[in-house]
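Here is what each chain is made of, one letter per residue.
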Amino acid sequence: MRQRLSSEPDRYRGRRRVPTPPRSRYAAVVTTAFVGAGIVALGANALPDAKSVSPSVLDELKQASITSQDAAARADSADRATRDDRGGKTAAEQDTWLLPLHGYDFQSPYGMRWGKLHTGIDLVAPEGTPYRAIHDGQVTKAGWFGGYGYAVIVKHADGSEAIYGHSSAVTVKEGQQVKAGDQLGLVGNTGHSYGSHLHLEIHVNGQPRDPVPWLDERGVNIQLETEAIYAEVAAS
C-alpha cells in the first residue's frame, strides 16, 4: 500500500462527524430535516463513489432517522389518546350552552310580579313550538309538575338544573341523557299559565337564579336572542 506523502492533499481533512441525534421531541423534528437533507445529498453526489462514504456516517444517519420516526410516532399516539379521553370532542364542544328556542318574545323577566317572586323568565311563542335543552344533562322530571303544568327538568354536570314549564307536550323521558340542542318538548299553556309561552328557570344548589345574567356568562344572551355558537358564525 502506497504511503501518502506529507505534501499530498488530505482528502479527509476538514470532514466532521454527524452529531448524535438530540433526544428531545422538538430537536427530533430538526434532526429529521437534517437527515433528509443528508440522504438527498448522498443520493445526488455520493452514489457514483459509494465506497468513499464512511460506514459509520451511514449508520449514524440511519439511527437518527429511526430515532426521529419513533419520536413522531409517540407524539401522534399521545395526540390520539388525548382526543379519545375527550370522547372526540373539543373543550368548547363539551361546554356548549344554547338558547331554548328561537323566534320568541321576551316579555316577563325574573323578579317580583304581583307580590310574588317570579323565579324564571317567560319566552312567548306559538303553542306547539319545539324547545330544546340549553345544555347537556339528565332528565330528572318529564311530565305533570303542579303549577308548571307539563314540565321537563334537566340536571347538568355542574349540579345546576333547568326547568322548562307550561309545555303542551314533553318528548323525553325521566332518566334520559340529553345533549345541548336536543328537543325536550313543545311550548304550551298548561298549569298556572297566562298564555302560550315557555317558562325557563335555573336553579343552583336548589335556589333559583336569574337566567338572564347566568346564561349571559355562558355565552347565551336571552334578550338579544343570541348564543355563542351563532355569534361566532355571524362574526366570521
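Residues numbered from 1 in each chain as written. Predicted model: local features only at pLDDT ≥ 70, side-chain atom pairs only at ≥ 80, totals over all residues. Heavy atoms only, no water.

Within an unreviewed UniProt entry, the label attached to the protein reads M23 family metallopeptidase, and the organism entered is Micromonospora halotolerans.

## Some remarks on the overall build of the protein
In terms of regular secondary structure, the protein is built from five helices and 14 strands. Within the protein, the proportion of its 236 residues that are buried is 32%. The long-range share in the protein, meaning contacts at least 24 apart out of those at least 6 apart in sequence, stands at 60%. Accessible surface, the protein as shown: approximately 14,800 Å² in total, 54% of it carbon and sulfur. (Helix = DSSP H or I, 4+ residues; strand = E, 2+ residues; numbered from the N terminus. Buried < 20%, exposed > 50% of the residue type's maximum accessible area, 1.4 Å probe, protein only. Contact = heavy atoms within 4.5 Å. Areas by Shrake-Rupley, 256 points an atom, 1.4 Å probe, with all protein chains shown as cover.)

## Notes on unusual backbone geometry
The phi dihedral of Asn205 is positive, around 55°, even though this residue is not glycine. Within the element layout of this structure, Asn205 appears in the loop between β11 (197-204) and β12 (207-209). You can call Asn205 exposed: its relative accessible area is 72%. One non-glycine residue with positive phi stands out, namely Glu225, at about 55°. Its place among the elements puts Glu225 in the loop between β13 (220-221) and β14 (226-227). Look at Glu225 and you get partly exposed, because its relative accessible area is 25%.

## Some words on the side chain of His156
Tracing the sequence through the fold places His156 in the loop between β7 (150-155) and β8 (161-170). The exposure class of His156 is buried, given its relative accessible area of 3%. Those residues in contact with His156, other than ones at most four positions away along the chain, are Trp97, Ile134, His135, Asp136, Gly137, Glu161 and Ala162.

## Examining the packing of aromatic side chains
A complete count under the given rule lists four aromatic pairs for this structure. Relative to Trp214, the ring of Trp97 has its centre 5.3 Å away and its plane inclined at 85°; by these criteria the two rings are edge-to-face. Residue Trp97 is found in the loop between α3 (91-94) and β1 (105-108), and its partner Trp214 is found in helix α4 (residues 211-216); the two are separated by 117 residues along the sequence. Of the two residues, Trp97 and Trp214, neither departs from the other in class, the shared state being buried. Ring plane angle 15° and centroid distance 5.6 Å describe the contact between Tyr131 and Tyr164, whose orientation is recorded as stacked. (Phe/Tyr/Trp six-rings, centres within 6.5 Å; stacked < 30°, edge-to-face > 60°.)

## Looking at the pairing of strand β4 (residues 121-124)
Sheet analysis places β1 next to β4, joined by three bridges and oriented antiparallel. Along β4, the bridge assignment pairs Ser108 with Asp122. One ladder, built from four bridges, connects β4 with β11; its direction is antiparallel. Looking at the pairing, Val124 lines up with His197 of β11. (Pairing = 2+ DSSP bridges.)

## Remarks on the side chain of Glu227
Relative to the helices and strands, Glu227 is located in strand β14. A distance of 2.5 Å separates a polar atom in the side chain of Glu227 from the backbone nitrogen of Leu99. Within the structure, Glu227 has its side chain in polar contact with the side chain of Arg132 (distance 3.0 Å). In this structure, Glu227 is in contact with Trp97, Leu98, Leu99, His102, Arg132, Gly219 and Val220, ignoring residues within four places of it in sequence. (Polar contact = N/O pair within 3.5 Å; in protein donor to acceptor, adjacent residues only side chain to side chain.)

## Remarks on the confidence of the model for the protein
Should pLDDT be low for a region, the predicted coordinates there are not to be read in detail. Summary statistics for the protein give a mean pLDDT of 75 and a share of 57% for residues scoring 70 or more. Scored below 50 in pLDDT, residues 1-51 shows 27 contacts in the model against residues more than four places distant or in partner chains. Confidence drops under a pLDDT of 50 for residues 81-92, and excluding neighbours within four residues, the segment shows six contacts in the predicted structure. (pLDDT = per-residue confidence, 0-100.)

## Things to note about the environment of Val204
For Val204, the position within the fold is in strand β11. Exposure remark for Val204: the relative accessible area of 16% places this residue in the buried category. Residues Val204 and Ser160 lie 44 residues apart in sequence; the distance between their C-alpha atoms is 4.7 Å. Setting aside its immediate chain neighbours within four residues, Val204 contacts Ser160, Arg209 and Trp214.

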